[in-house]
Amino acid sequence: MSDLSSLQEKTVNLFNSTYKSSTSESLTAGYAPGRVNLIGEHTDYNNGYVFPMALANMGTIAVGRRTDKGEINIVTSAEVTPNMFCYKPGKSGIEEVPQWARYVVGVVKCFEEVSSQTVSVDLALSSNLPMGAGLSSSASLEVAVFSLLERLYNVTNISKIDKIKACQKAEHKFANVPCGIMDQFIATLGDVDHALFINCQTDEFEKVPFGDKTLLLVVTDTHKKHELAGGEYAKRRATCEAVAKSIGVPSLGEVHIDQLVKHFCKPGSDYSHLPDKSYPRSRHVVTEIARAKKAKECLVSGDITLFGQLMNQSHKSLADDYQVTCPELDEVVRVAWETEGVVGSRMTGGGFGGCAITLVKRDAEKVLLDRLNKLCPYSSSFSTTAGSGAYSWDIGV
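Please read all numbers here as calculations on a predicted model, not as lab measurements. (Residues numbered from 1 in each chain as written. Predicted model: local features only at pLDDT ≥ 70, side-chain atom pairs only at ≥ 80, totals over all residues. Heavy atoms only, no water.)

Draft legend 1. Expanded view of the overall build of the chain. Counting its regular elements, the chain contains 11 helices and 13 strands. Against the compact-globule benchmark of 21 Å for 397 residues, the chain has a radius of gyration of 21 Å, which places it among compact chains. Within the span of the chain, comprising 397 residues, buried residues form 57% of the whole. Contacts in the chain between residues at least 24 apart in sequence constitute 74% of all its contacts with a sequence separation of at least 6. Accessible surface, the chain as shown: approximately 16,500 Å² in total, 49% of it carbon and sulfur. A distance of 2 Å separates the average location of the 41 positive side-chain charges in the chain from that of its 46 negative side-chain charges. (Helix = DSSP H or I, 4+ residues; strand = E, 2+ residues; numbered from the N terminus. Rg over C-alpha atoms; globule rule 2.2 N^0.38 Å. Buried < 20%, exposed > 50% of the residue type's maximum accessible area, 1.4 Å probe, protein only. Contact = heavy atoms within 4.5 Å. Areas by Shrake-Rupley, 256 points an atom, 1.4 Å probe, with all protein chains shown as cover. Lys, Arg positive; Asp, Glu negative; His and termini not counted. Charge placed at Lys NZ, Arg CZ, Asp CG, Glu CD.)

In structure tokens form, the structure reads like this:
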């Protein structure tokens with residue numbers, strides 16, 4: 001992918017044209033990447049392990065300037081209506097805020113809580129991430145705005161973990177999406193040629209090298225949009241919490257597969273109080289956590305073959321047990337599995353549409369892309385590497 005200079009230019013031009021700003025005036029910018037999760041899907045909100053990487057040069061840029069108007073003005077280059085909104089604290093109710101702008105307003109509010117600042121800004125936003133593709137465009141937006149605000153208000157005492165949790169809180173409280181912590185984590189702490197192995201129970205993380213030059217990661221967008229604010233995501237999270245409670249543990253992250261099987265096979269037990277499909281839903285989570293831990297060991301030891309097999313097992317579990325894939329995702333993954341030189345392939349993100357990722361030998365990239373274009377004509381693909389996490393900078397004089 002190209003560098004971010006064109007995205008910055010687009011965002012600055014949007015800012016200047018919207019706010020009638022002089023091109024000689026200095027502005028501040030914040031950037032945060034999108035992500036793919038290599039393995040460990042729907043485990044973060046179960047206090048399990050996840051293994052994401054930041055996408056190189058693909059994310060959101062927020063450009064802004066402080067004002068004395070006592071309001072938050074937001075404009076986006078995204079194809080949404082309306083694409084501008086003015087939030088006036090004390091006068092605007094959250095129900096009046098368009099869904100896309102709630103992420104921004106939420107971040108501003110949560111930034112104010114942790115920084116003791118009162119924010120008044122003009123903001124412009126642009127992204128080269130496809131919305132609804134499962135590449136974490138929402139967390140990219142949140143962390144980019146938070147990074148911008150830190151620089152604008154010269155706030156340097158907020159820890160990375162507190163920043164991550166503030167952005168997660170913004171999504172929970174204002175966008176009404178009960179997301180886990182993975183997306184904000186990788187958007188903040190991603191690193192070039194590394195994946196991030198995260199313990200979502202303790203917030204401990206480890207950077208694991210993921211820069212083998214003989215391999216590429218191909219991301220395939222099915223162009224079937226997913227909406228995490230919809231009920232299916234929340235239903236699955238509620239099911240996981242109900243099963244954990246019935247076992248007597250805080251989360252499924254503390255459950256071994258043998259313990260889960262024993263729990264659901266007790267003679268005479270009544271599970272009518274549990275949501276439908278509780279066993280397969282929880283089985284996915286418990287086995288996926290184990291796969292994520294094993295996958296990390298594979299990268300450390302260089303066992304790419306087993307790493308690919310774990311990716312494949314993950315997709316099957318997401319399709320059969322957690323039931324968050326769709327026909328388009330399953331077809332993309334099947335085509336990848338049947339292509340020589342592919343190490344492994346699976347859906348990534350929340351599911352119900354979005355993207356699949358395929359780890360492929362570099363010399364087989366063209367064959368894979370040709371097959372995907374021919375056999376999955378509704379999709380589009382790009383090859384990528386692991387990129388950096390969020391940062392901010394000053395633009396202009």
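Next comes the rest of the description.
Draft legend 2. Quick peek at the packing of aromatic side chains. Counting across every chain of the model gives 12 aromatic pairs. Geometrically, the ring pair formed by Phe 111 and Tyr 153 is tilted, given 6.2 Å between the ring centres and 50° between the ring planes. Of this pair, Phe 111 sits in helix 2 (residues 99-115) while Tyr 153 sits in the loop between helix 3 (137-152) and helix 4 (160-173), and the two are 42 residues apart along the sequence. On the basis of relative accessible area, Phe 111 is assigned to the buried category, the value being 0%. Looking at Tyr 153, the relative accessible area reads 6%, which means it is buried. Where Phe 210 meets Phe 307, the ring centres are 6.5 Å apart and the plane angle is 40°; that geometry is what we call tilted. Placement of the pair is Phe 210 in the loop between strand 8 (205-209) and strand 9 (215-221) and Phe 307 in helix 9 (residues 304-320), with a sequence separation of 97 residues. One exposure class covers both Phe 210 and Phe 307, and it is buried. Among the aromatic side chains, those forming a connected cluster through ring pairs are Tyr 31, Tyr 391 and Trp 393. Across the ring face of Trp 337, the terminal group of Lys 316 is positioned such that the distance to the ring centre comes to 5.5 Å. (Phe/Tyr/Trp six-rings, centres within 6.5 Å; stacked < 30°, edge-to-face > 60°. Lys NZ or Arg CZ within 6 Å of the ring centre and 35° of its normal.)

Draft legend 3. Structural context of the sheet that holds strand 7 (residues 194-199). In space, the three strands of this open sheet follow the order 2-7-8, with antiparallel pairing throughout. Strands with a single pairing partner mark the edges of an open sheet, and in this sheet they are strand 2 (49-50) and strand 8. In the sheet, strand 7 pairs with strand 8 via five bridges, with the strands oriented antiparallel. Its bridge partner being in strand 8, His 194 is matched across the sheet by Pro 209. In the packing of helix 5 (residues 182-189) onto the sheet, contacts are made with strand 2, strand 7 and strand 8, and the angle to strand 7 comes to roughly 140°. (Pairing = 2+ DSSP bridges. Axes fitted to C-alpha atoms, helices over the stretch in contact; angles between N-to-C directions.)

Draft legend 4. Spatial organisation of helix 5. Within helix 5, eight of the eight residues are buried, leaving the element largely enclosed by the surrounding structure. When helix 5 is considered as a whole, its buried residues turn out to be Met 182, Asp 183, Gln 184, Phe 185, Ile 186, Ala 187, Thr 188 and Leu 189.

Draft legend 5. Region of interest: the packing of helix 6 (residues 231-247) against helix 8 (residues 278-301). Where helix 6 meets helix 8, the closest approach of the two axes is 9 Å, and the angle between their N-to-C directions is 90°. Compared by their axis directions, helix 6 and helix 8 come out roughly perpendicular. Residues Arg 236, Thr 239, Cys 240 and Val 243 of helix 6 form the contact with helix 8, whose own contacting residues are Ser 278, Arg 281, Ser 282 and Val 285. Of the residues belonging to the contact of helix 6 with helix 8, the class tally is three nonpolar, three polar and two charged. (Parallel < 35°, antiparallel > 145°, perpendicular 65-115°, else oblique. Nonpolar A, V, L, I, M, F, W, Y, C, P; charged D, E, K, R; others polar.)

Draft legend 6. Main features of the side chain of Thr 325. When you line up the elements, Thr 325 lands in the loop between helix 9 and helix 10 (327-337). Residue Thr 325 is classed as buried on the basis of its relative accessible area of 15%. One polar contact links Thr 325 to Asp 330, side chain to side chain, over a distance of 3.1 Å. Excluding residues that lie within four positions of it along the chain, Thr 325 makes contacts with His 315, Leu 318, Ala 319, Asp 330, Met 347 and Phe 352. (Polar contact = N/O pair within 3.5 Å; in protein donor to acceptor, adjacent residues only side chain to side chain.)

Draft legend 7. Broad picture of the nonpolar core. Counting 75 residues, the largest nonpolar core has Ile 74, Phe 111, Val 121, Leu 125, Val 145, Leu 149 and Tyr 153 as its most contacted members. Beyond its immediate stretch of four places on either side in the chain, Tyr 153 contacts Arg 66, Phe 111, Gln 117, Thr 118, Val 119, Ser 120 and Val 121. By size, the runner-up hydrophobic cluster in this structure holds 31 residues, among which are Leu 38, Ala 133, Val 219 and Cys 355. (Core = buried A, V, L, I, M, F, W, Y, C linked by side-chain atoms within 4.5 Å.)

Draft legend 8. Local environment of the sheet that holds strand 5 (residues 84-87). Taken together, the six strands give an open sheet; going across it, the order is 5-4-6-3-1-13, and neighbouring strands pair in mixed fashion. Each of the sheet's edge strands pairs with one partner strand only, and the pair in question is strand 5 and strand 13 (391-395). Across this sheet, the average inter-strand angle for adjacent strands is 25°, counted without regard to direction. Sheet analysis places strand 4 (residues 72-76) next to strand 5, joined by four bridges and oriented antiparallel. When the sheet's bridge partners are listed, Ile 72 is paired in strand 5 with Tyr 87. Sitting on the sheet, helix 1 (residues 5-19) touches strand 1 (27-37), strand 3 (52-66), strand 4, strand 5, strand 6 (121-127) and strand 13, and the angle it makes with strand 6 is about 140°. Contacts between helix 3 and the sheet are confined to strand 1, strand 3, strand 6 and strand 13, with strand 3 contributing the most and set at about 45° to the helix.

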